[in-house]
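# Survey of secondary and tertiary structure
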Amino acid sequence: MWRPAVISSFAIDYQVSTSPHWFHAINVVWATIVTALFALLASQLAGPVVGLITGLLFAVHPVHVEAVANVVGRAELMAAAGYALALVYAHRAERDAKYLIGVVLGAVLAITAKEIAVTLPPAVLLMYVGRGSGLRPAWRPALAAAGAIAAYFIVHGFVGIRTFYAGGLAVGLEQLGLFARTWAMVRLSLEWWRLFLFPAHLSADYSPGELIVSTGLTPGHVLGLLAWIALAVLAWRTRRTVPGIAIGLVWVVITISPVSNVLFPTEFLIAERTLYLASFGVVFALASAAMTIRSARLRYTLVGVVVAAGALRTIAHIPTWHDDEQHYQALRHDAPRSYRTLWLEGKDEFAAGRFGSGERLLQTAIAFAPSLAGPRFDLATFYFNARLWPPAVRELKAVTEADSAFPPAWALLPQALLASGDTAGAVSAAREGVRRFPNERAVLETANSVFRVAPKR
């Protein structure tokens, strides 16, 4: 991936201080900027009271913790800041064309922070249509945003990076086509709405084991489909009476599309940090809905309760991202059946000498994520070190089939084959490893050792 704005931000941070406290402080600054910009945008769309409520709800939404407390989440923060800035200026560009410069600058910041900014032009159109201005005055700011984004992709083609995501498709979706992925995500999308609206349970991980990827017809699929139909009906019916609700719901659809695993492949089924930008639509819709409550006392009491509850849940979730050990303990508590948790627990069991439980845990992790190389390779390494050659060979072959571009497996497989007595197989695997990774030191060393020994056997 190529995200020059974020990398430059980290580089500047390093010039100031290498303390993690500084990096976290800058993340909080970015989160504050984003909140202020979204509050301003909401004010432009629906008035200052809705803007204030939106800002308060956005500031304390618990689903934001990962993006803010985990330093790498700065990509989400900077992208959201550029996104909101572009829309604030797009609102003003209808009256004065010079504000188009602000639209371009905001779009540049957003797209060079994270690729989710590709949805900015549709968001510009949504803002104009939602506030009743129509599409005619929207074309200039939408075109300005699209031009900045297009320029990024043109430059991207010259920097030698050919992908826009890391790790391929999320575990569980690897072999699925567009329709099957979409149907699988219909069920999983219920988790988005739970996190948006009822984030009492937050997790350090949302992976197979904790979540079930299914392309069949399950009650979850039916409920998910009904939920989306109901939200579509709600948006349609409120488009004139309470347009903020309709704008907010359509905003969610637009901004969540890049991380939905439908149009674009991502590495995760669900991750809290990827919901950061989309959550503005939810809190804006809620703030707009709150204004329909006639009793001002009841309205502001409810808002106060929600803000307080959000703040408390946010504070409780922050330690999850403090360090590796606390993150691991949070995994065990929040997502005990996730393949990632089982994988780490299995490695811990092996390290403690409890080989039986370690093997069972890794085998369970593999069952939940059969196409992932990591758990299989760790299990194969255990078998290798224990001189259990047949199972080591079996798992290493499975690793190379699951991920043929995984050099450690090609460095270990020829040794395991040779030790098991399969000289021809060892030579063949060594040659294949060298062909695939001619510059990988471990692969070359293994191949040389196999070639030296093989003629003598």
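Residues numbered from 1 in each chain as written. Predicted model: local features only at pLDDT ≥ 70, side-chain atom pairs only at ≥ 80, totals over all residues. Heavy atoms only, no water.

## Notes on the nonpolar core
Counting 94 residues, the largest nonpolar core has F38, L41, L87, L120, F196, W251 and F280 as the members making the most contacts within it. Among the elements that take part in this core, helix 5 (residues 74–93) stands out by supplying 13 residues, more than any other. What L41 contacts, discounting residues up to four positions off in sequence, is L87, V88, M127, W251 and F280. Judged by nonpolar contacts, the second largest core, of 36 residues, contains W389, V399, A409 and L418. (Core = buried A, V, L, I, M, F, W, Y, C linked by side-chain atoms within 4.5 Å. Buried < 20%, exposed > 50% of the residue type's maximum accessible area, 1.4 Å probe, protein only. Helix = DSSP H or I, 4+ residues; strand = E, 2+ residues; numbered from the N terminus. Contact = heavy atoms within 4.5 Å.)

## Here we look at the environment of L302
Secondary-structure assignment places L302 in helix 13 (residues 296–317). Here L302 falls in the partly exposed class, since its relative accessible area comes to 41%. The spacing of L302 and A290 is twelve residues in sequence and 8.5 Å in space, taken between C-alpha atoms.

## Concerning the side chain of N261
Summarising the element assignment, N261 is placed in the loop between helix 11 (243–256) and helix 12 (279–290). At 2.9 Å, the side chain of N261 and the backbone oxygen of F268 are in polar contact. When near neighbours in sequence (up to four residues on either side) are disregarded, N261 contacts A170, L173, R181, M185, T266, F268 and L269. (Polar contact = N/O pair within 3.5 Å; in protein donor to acceptor, adjacent residues only side chain to side chain.)

## Some words on a nonpolar patch on the surface
Among the surface-exposed residues, L217, V222, L225, L226, I229 and V233 lie close enough to one another that they form a single nonpolar patch of about 550 Å² accessible area. Within the element layout of this structure, V222 appears in helix 10 (residues 219–238). (Patch = residues over 30% accessible without salt bridge, like charges linked within 9 Å, V, L, I, M, F, W, Y side chains within 5 Å. Areas by Shrake-Rupley, 256 points an atom, 1.4 Å probe, with all protein chains shown as cover. Salt bridge = Lys/Arg side-chain N within 4 Å of Asp/Glu carboxyl O.)

## Focus on helix 9 (residues 178–197)
In this model helix 9 runs 28 Å from its N-terminal to its C-terminal C-alpha over 20 residues, within 8% of the 28 Å that 1.5 Å per residue would give. At R187, helix 9 shows its maximal kink, close to 40 degrees. (Expected span 1.5 Å × (residues − 1). Bend = angle between axes of the 7 residues up to and from the residue.)

## Considerations on the pattern of salt bridges
Evaluated as defined, the whole model comprises 16 salt bridges. Here R74 ties to D13 by a salt bridge, and the two come within 2.5 Å at their closest N and O atoms. In this pair, R74 is assigned in helix 5 and D13 in helix 1 (residues 4–16), connecting sequence segments 61 residues apart. The pair R74 / D13 is uniform in exposure class, with both members buried. Here E395 makes a salt bridge to R376, at a shortest N to O gap of 3.1 Å.

## Some points on a negative patch on the surface
A cluster of acidic residues, D323, D324, E325 and D348, forms a negative patch on the protein surface. With respect to the helices and strands, D323 occurs in the loop between helix 13 and helix 14 (324–334). For D323, a relative accessible area of 31% corresponds to the partly exposed category. (Lys, Arg positive; Asp, Glu negative; His and termini not counted. Charge placed at Lys NZ, Arg CZ, Asp CG, Glu CD.)

## Observations regarding the side chain of H64
Inspection of the secondary structure puts H64 in the loop between helix 3 (48–60) and helix 4 (65–69). Among the residues examined, H64 registers a relative accessible area of 5% and is labelled buried. Residues within four places of H64 in sequence aside, it is in contact with F58, Y276 and S279.

## Describing the packing of aromatic side chains
Throughout the structure, instances matching the rule amount to 21 aromatic pairs. Both rings, one in W192 and one in W228, keep their centres 6.5 Å apart while their planes meet at 85 degrees; by these two values the pair is edge-to-face. Taken together, the positions of W192 in helix 9 and W228 in helix 10 put the pair 36 residues apart, joining distant regions of the chain. Under the relative-accessibility criterion, W192 is labelled buried at 5%. Residues F382 and Y383 carry aromatic rings whose centres are separated by 5.6 Å and whose planes lie at 45 degrees to one another, so their mutual orientation is tilted. Assessed through its relative accessible area of 15%, F382 is described here as buried. For Y383, a relative accessible area of 3% puts it in the buried group. Three or more aromatic residues joined by ring pairs form one cluster here, namely F38, F58, Y83, W251, Y276, F280 and F284. Taking NZ or CZ as reference, K98 lies 5.8 Å from the ring centre of Y99, over its face. The lysine or arginine in question, R299, covers the ring of Y300, its NZ or CZ lying 5.2 Å from the ring centre. (Phe/Tyr/Trp six-rings, centres within 6.5 Å; stacked < 30°, edge-to-face > 60°. Lys NZ or Arg CZ within 6 Å of the ring centre and 35° of its normal.)

## Quick word on the packing of helix 14 against helix 15 (residues 339–351)
For any two helices packed against each other, one specifies the crossing angle of their axes together with the interaxial distance. Axis separation between helix 14 and helix 15 bottoms out at 10 Å; the angle between their running directions is 120 degrees. Classified by the angle between their axes, helix 14 and helix 15 sit oblique to one another. At the point where helix 14 passes helix 15, the crossing takes the left-handed sense. Residue-level contacts link Y328, L331 and R332 of helix 14 to T341, L344, E345 and D348 of helix 15. Looking at the contact of helix 14 with helix 15, its residues break down into three nonpolar, one polar and three charged. (Axes fitted to C-alpha atoms, helices over the stretch in contact; angles between N-to-C directions. Parallel < 35°, antiparallel > 145°, perpendicular 65-115°, else oblique. Left-handed = near helix turned anticlockwise from the far one by under 90°. Nonpolar A, V, L, I, M, F, W, Y, C, P; charged D, E, K, R; others polar.)

## Focus: the environment of V71
Looking at where V71 falls in the secondary structure, it is placed in the loop between helix 4 and helix 5. Residue classification places V71 among the buried residues on the basis of a relative accessible area of 18%. Separated by 306 residues in sequence, V71 and F377 place their C-alpha atoms 29 Å apart. Setting aside residues no more than four positions away along its own chain, V71 makes contact with F10, F23, H24 and N27.

## What to know about the packing of helix 20 (residues 423–436) against helix 21 (residues 441–453)
Running from amino to carboxyl end, helix 20 crosses helix 21 at an angle of 150 degrees, the nearest separation of the two axes being 9 Å. On the basis of the axis angle, helix 20 is roughly antiparallel to helix 21. Read as a crossing pair, helix 20 and helix 21 show a hand that is left-handed. Contacts from A426, V427, A430, R431, G433 and V434 in helix 20 reach V443, L444, A447, V450 and F451 in helix 21. Across the contact of helix 20 with helix 21, the residue classes tally to nine nonpolar, one polar and one charged.

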